[in-house]
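# Structure assessment
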Amino acid sequence: MTRFLASIVAAALTAGVSAAERDFDPQKLKSARELLSATAVPHHELLDPSNQGMKWSLRNVADLGPILLAARGAVADLHVRNPSAVADAYGNGVMTNIEDTLKLFGEGALERGCVSHQSVTFDAVKPAAKDSSLQVKKIRIRTVFQHNAVIVFPKGSDWKQSGVVLDGWIRQKSDLDKMVYAFRKWVGFGDRPRLIDDDE
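Residues numbered from 1 in each chain as written. Predicted model: local features only at pLDDT ≥ 70, side-chain atom pairs only at ≥ 80, totals over all residues. Heavy atoms only, no water.

Each helix and strand in the chain was counted, giving ten helices and five strands. Counting all 200 residues of the chain, 42% fall into the buried class. Put simply, of all contacts in the chain between residues at least 6 apart along the chain, 61% involve residues at least 24 apart. In the form shown here, the chain has an accessible surface area of approximately 10500 Å², with 57% of it arising from carbon and sulfur atoms. (Helix = DSSP H or I, 4+ residues; strand = E, 2+ residues; numbered from the N terminus. Buried < 20%, exposed > 50% of the residue type's maximum accessible area, 1.4 Å probe, protein only. Contact = heavy atoms within 4.5 Å. Areas by Shrake-Rupley, 256 points an atom, 1.4 Å probe, with all protein chains shown as cover.)

The strand order across the open sheet formed by five strands is β4-β3-β2-β1-β5, and the pairing between neighbours is antiparallel. Each edge of the sheet is formed by a strand with only one pairing partner; in this case those strands are β4 (180-182) and β5 (194-196). In this sheet, neighbouring strand axes are inclined to one another by 40° on average, regardless of whether the strands run parallel or antiparallel. As paired elements, strand β1 (residues 134-141) and β5 share three bridges and run antiparallel to each other. For Arg140, the partnering residue across the bridge sits in β5 and is Arg194. The strands touched by helix α5 (residues 58-81) are β1, β2 (147-154), β3 (164-166) and β4; relative to β1, the strand with the most contacts, the crossing angle is about 55°. Strands in contact with helix α8 (residues 114-128) are β1, β2, β3 and β5; relative to β2, the strand with the most contacts, it is inclined by about 25°. (Pairing = 2+ DSSP bridges. Axes fitted to C-alpha atoms, helices over the stretch in contact; angles between N-to-C directions.)

On to empty space enclosed by the protein, then. On inspection of all chains with the given rule, the structure shows one cavity of 30 Å³ or more. Cys114, His117, Gln118, Thr121, Asn148, Ala149, Val150, Leu166, Asp167 and Gly168 are the residues that line the largest cavity. Counting only elements with at least two residues in the lining of the largest cavity, the list comes to α8 and β2. Looking at the lining of the largest cavity element by element, the count peaks at four residues for α8. Its residues placed into classes, the lining of the largest cavity shows four nonpolar, five polar and one charged. (1 Å grid on protein atoms, 1.4 Å probe; cavity = no way out; pocket = protein on both sides within 12 Å on 5 of 7 lines; lining within 4 Å. Points joined across faces, edges and corners; volume = space filled by probe spheres on them. Nonpolar A, V, L, I, M, F, W, Y, C, P; charged D, E, K, R; others polar.)

It is the contact of α5 with α8, at a shortest axis distance of 8 Å, that shows an interaxial angle of 145°. Helix-helix and strand crossings are classified by hand; for α5 and α8 the assignment is right-handed. In this structure, α5 contributes Pro66, Ile67, Ala70, Ala71, Ala74, Val75, Leu78, His79 and Arg81 to the contact, and α8 contributes Ser116, His117, Val120, Thr121, Ala124, Val125 and Ala128. Each residue belonging to the contact of α5 with α8 can be placed in one class, and the counts come to eleven nonpolar, four polar and one charged. (Left-handed = near helix turned anticlockwise from the far one by under 90°.)

For the structure shown, the criterion picks out six salt bridges. The partner of Arg142 in a salt bridge is Asp191, with the nearest N and O atoms 3.5 Å apart. With Arg142 in the loop between β1 and β2 and Asp191 in the loop between α10 (183-186) and β5, this pair connects stretches of sequence that are 49 residues apart. Residue classification places Arg142 among the partly exposed positions, given a relative accessible area of 29%. A relative accessible area of 10% means that Asp191 is categorised as buried. Through salt bridges that share partners, Lys28, Arg59 and Asp63 make up one connected network. (Salt bridge = Lys/Arg side-chain N within 4 Å of Asp/Glu carboxyl O.)

Next comes the structure, spelled out in structure tokens:
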């Protein structure tokens, strides 16, 4: 009975969707949905076709799985290479930036800053998105005290409506529930978000 209901739901979700959008590996979709269940982005929000929804297709969701795995691994590796007692204790990017700034006087660098997180995340997820239905871009908010992250969205869509942000800096964790956000919930009033060039 469960398979029957799942097939009805899948048929309803794919009604009016092109063959290319329906062409995905069901196992890849299952894996992606399991990963997504650990994030702050609910499946129903991604798949919601209304004006308030993010308008992702099932193929988009399936293609997100490898990107989430790559991002999680890159951030975890960054944290292993650059341990921080402050990040471990507070789980806060601002506190970690203060620690990193103090290290600058002792030949340190901002290894755990948002630009470092953005760079390693982008470098890891760009290849994972290469032949997918998704686009990966660097994003920056604010003009003073700028903040950088990575955004993923379906090709040809409005990234402000459909974007999923990968930001391991905020909470200094590689756990998906602490680094994956819907763009609309990540950005604040007056943040002035903008996409930036890959090499920036």
